[in-house]
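Observations on the three-dimensional arrangement
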Amino acid sequence: MSFAWPWQYSFPPFFTLQPNCETRQKQLSAWCALALAYSQRHRLPAMTVREAQDSPLFANHRLQRKLPLESIQVVLEELRKNGNLEWLDKNKTSFLIMWRRPEEWGKLIYQWVSKNGLTNSVFTLYELTSGDDTENEEFHGLDETMLLRALQALQQEHKAEIITLDDGRGVKFF
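Residues numbered from 1 in each chain as written. Predicted model: local features only at pLDDT ≥ 70, side-chain atom pairs only at ≥ 80, totals over all residues. Heavy atoms only, no water.

It is worth spelling out the sheet that holds strand 6 (residues 122-124) at this point. One open sheet accounts for three strands, arranged 6-8-7; its pairing is antiparallel. The open sheet has two free edges, formed respectively by strand 6 and strand 7 (160-165), since each of these has just one partner strand. Pairwise comparison of adjacent strand axes, ignoring direction, gives a mean angle of 30 degrees for this sheet. Of the strand pairs in this sheet, strand 6 and strand 8 (residues 168-173) are connected by three bridges, and their pairing is antiparallel. If you follow Phe123 over to strand 8, its bridge partner there is Val171. Contacts between helix 6 (residues 144-156) and the sheet are confined to strand 7 and strand 8, with strand 7 contributing the most and set at about 130 degrees to the helix. (Pairing = 2+ DSSP bridges. Helix = DSSP H or I, 4+ residues; strand = E, 2+ residues; numbered from the N terminus. Axes fitted to C-alpha atoms, helices over the stretch in contact; angles between N-to-C directions. Contact = heavy atoms within 4.5 Å.)

Below, the structure is given as structure tokens:
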């Protein structure tokens, strides 16, 4: 199943941020929605700005158009303001893109735990994201950074505790 690009992606002016304030805001909203959908479809949790710049997300080779670096940074900053992006370094060269916030992932994981009667059970992080039991779950294959943030959110709600095991980390659900 391939990614369904929105109509704007085939419209050359989409790759130039518009000067009119109202038009620009609609354009930024469209770019944010596209970035989140693309990242979700391709399961891209973390990226560098360079990777983003060279990816099909910001470069339509059929049109021979690319969103300029300065504009990409405006889009990324808009995602950050909306709570969907977090910079991973001070220089703002790499970022975590969140099509779901950690609390939302935590809720999904805890629903699975409850639904399957697995409270008071201990899991390794690997079992949660790569185990056979979670194969059909949305959080299967989730990036470890985002998984830990989701589990930290559950820990704050007293629904889980992150623990250190002999071969890594795990989690106990309550």
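This next bit is on the packing of helix 1 (residues 21-41) against helix 3 (residues 69-81). Where helix 1 contacts helix 3, the two axes come as close as 9 Å, and the packing angle between them is 80 degrees. One element, helix 1, and the other, helix 3, form an angle in the roughly perpendicular class. Of the residues in helix 3, those in contact with Arg24, Gln25, Leu28, Trp31, Cys32, Ala35 and Leu36 of helix 1 are Val74, Val75, Glu78 and Leu79. Along the lines of polarity and charge, the residues of the contact of helix 1 with helix 3 split into eight nonpolar, one polar and two charged. (Parallel < 35°, antiparallel > 145°, perpendicular 65-115°, else oblique. Nonpolar A, V, L, I, M, F, W, Y, C, P; charged D, E, K, R; others polar.)

Next up on the list: the environment of Met146. Tracing the chain through its elements places Met146 in helix 6. Considered as a pair, Met146 and Glu135 are 11 residues apart in the sequence and their alpha carbons are 17 Å apart. Setting aside residues up to four positions removed in sequence, Met146 forms contacts with Leu96, Met98, Arg100, Pro102 and Trp105.

Let us now look at the sheet that holds strand 1 (residues 46-48). Read from one edge to the other, the open sheet built from three strands follows the order 1-5-4, with strand pairing classed as antiparallel. Whereas interior strands pair on both sides, the edge strands pair on one side only; in this sheet they are strand 1 and strand 4 (85-87). Between one strand axis and the next, the sheet turns through 25 degrees on average, direction left out of account. Here three bridges tie strand 4 to strand 5 (residues 94-97), and the two strands are oriented antiparallel to one another. Paired with Leu85 across the two strands is Ile97, which belongs to strand 5.

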